[in-house]
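Residue strings, one per chain:
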Amino acid sequence: NVEPGNGDNIFGVSDAAQTFFNMGFLGAVITTILGSITWQLVASAFPLAFLSNPMVYVFLRICLFLEATGIASGAWVLAGLHKRVAGFQRDEVYIGTPEEREAKDLGDDKEVMHALAKLPGFTSMPEALVK
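Residues numbered from 1 in each chain as written. Predicted model: local features only at pLDDT ≥ 70, side-chain atom pairs only at ≥ 80, totals over all residues. Heavy atoms only, no water.

1. Comments concerning the overall build of the chain
Here is step 1: Scanning the chain from terminus to terminus reveals nine helices and zero strands.
Here is step 2: Counting from the amino terminus, helix and strand elements in the chain follow one another as α-α-α-α-α-α-α-α-α.
Here is step 3: Taking all 131 residues of the chain together, the buried fraction comes to 5%.
Here is step 4: Here the contacts in the chain between residues at least 6 apart in sequence split such that 0% fall between residues at least 24 apart. (Helix = DSSP H or I, 4+ residues; strand = E, 2+ residues; numbered from the N terminus. Buried < 20%, exposed > 50% of the residue type's maximum accessible area, 1.4 Å probe, protein only. Contact = heavy atoms within 4.5 Å.)

2. Some words on the environment of Pro4
Here is step 1: Along the chain, Pro4 falls in the segment before α1 (15-22).
Here is step 2: Since its relative accessible area comes to 27%, Pro4 is described here as partly exposed.
Here is step 3: Residues Pro4 and Ala17, 13 residues apart in the sequence, show an inter-C-alpha distance of 9.0 Å.
Here is step 4: Excluding its chain neighbours within four sequence positions, the residues that come into contact with Pro4 are Asn9, Asp15, Gln18, Thr19 and Asn22.

3. Points about the pattern of salt bridges
Here is step 1: Counting across every chain of the model gives one salt bridge.
Here is step 2: Here Glu92 ties to Arg90 by a salt bridge, and the two come within 3.5 Å at their closest N and O atoms. (Salt bridge = Lys/Arg side-chain N within 4 Å of Asp/Glu carboxyl O.)

4. With respect to a nonpolar patch on the surface
Here is step 1: A surface patch of nonpolar side chains, amounting to about 920 Å² of accessible area, comprises Phe20, Met23, Phe25, Leu26, Val29, Ile30, Ile33, Leu34, Ile37 and Leu41.
Here is step 2: Ranked by residue count, the leading element in the nonpolar patch is helix α2 (residues 25-45), at eight residues.
Here is step 3: Judged by its relative accessible area of 44%, Ile30 falls in the partly exposed class. (Patch = residues over 30% accessible without salt bridge, like charges linked within 9 Å, V, L, I, M, F, W, Y side chains within 5 Å. Areas by Shrake-Rupley, 256 points an atom, 1.4 Å probe, with all protein chains shown as cover.)

5. Structural notes on the packing of aromatic side chains
Here is step 1: This model, assessed by the stated rule, comprises two aromatic pairs.
Here is step 2: Relative to Phe21, the ring of Phe20 has its centre 6.3 Å away and its plane inclined at 50 degrees; by these criteria the two rings are tilted.
Here is step 3: We classify Phe20 as partly exposed; its relative accessible area is 35%.
Here is step 4: Accessibility expressed as a relative area gives 28% for Phe21, which makes it partly exposed.
Here is step 5: Through successive ring pairs, a cluster of aromatic residues spans Phe20, Phe21 and Phe25. (Phe/Tyr/Trp six-rings, centres within 6.5 Å; stacked < 30°, edge-to-face > 60°.)

6. Focus on helix α4 (residues 54-69)
Think of an α-helix as 3.6 residues a turn; residues three or four steps apart then line up on the same face.
Here is step 1: Its 16 residues place the ends of α4 23 Å apart at the C-alpha level, agreeing with the 22 Å of an ideal helix rising 1.5 Å per residue.
Here is step 2: Taking the backbone nitrogen of Met55 as reference, a side-chain oxygen 3.1 Å away marks Asn53 as the first, capping residue of α4.
Here is step 3: Once α4 finishes, Gly70 follows within two positions and takes phi at roughly 80 degrees, a positive value. (Expected span 1.5 Å × (residues − 1). Polar contact = N/O pair within 3.5 Å; in protein donor to acceptor, adjacent residues only side chain to side chain.)

7. Topic: a negative patch on the surface
Here is step 1: On the surface, Glu99, Glu100, Glu102 and Asp105 cluster together into a negatively charged patch.
Here is step 2: Mapped onto the fold, Glu99 is located in helix α7 (residues 98-103).
Here is step 3: Among the residues examined, Glu99 registers a relative accessible area of 57% and is labelled exposed. (Lys, Arg positive; Asp, Glu negative; His and termini not counted. Charge placed at Lys NZ, Arg CZ, Asp CG, Glu CD.)

8. Some details on the confidence of the model for the chain
Here is step 1: Here the chain averages 80 in pLDDT, while 81% of its residues score no lower than 70.
Here is step 2: Looking at the elements of the chain, mean pLDDT is at its lowest for helix α8 (residues 110-114), recorded as 60, and at its highest for α4, recorded as 89. (pLDDT = per-residue confidence, 0-100.)

9. Let's talk about the side chain of Gln18
Here is step 1: You can see Gln18 is positioned in helix α1.
Here is step 2: Judged by its relative accessible area of 0%, Gln18 falls in the buried class.
Here is step 3: Contacts of Gln18, omitting those with residues within four sequence positions, involve Val2, Pro4, Asn9, Ile10 and Val13.

Set out below in structure tokens:
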């Protein structure tokens, strides 16, 4: 980081531009371009040559596995933010643990289970819910 206002700015830019450089956003953009978009352009220009490389297949399988786990899904971030904003807590806080519910004889009400709204395209309740 170069301290703005000392006259030692990179390439002689203004203090505002130096403050922008110090934020690190420029490095993130360059990393994104070199680390992501460049390979996408190569893959789109030469798909057969790109996919015939055995290492690409290995990396592709690793990426597909990680994507299937959902660990990189943006929904986790949104859910975490919503949890903080709304103040959600674990189910045990609201309904108790299974042991507490059993001790208080708070079993599932089968009449309520049959009163659930039916979804379009489904003719009856699933067997797991009926039993």
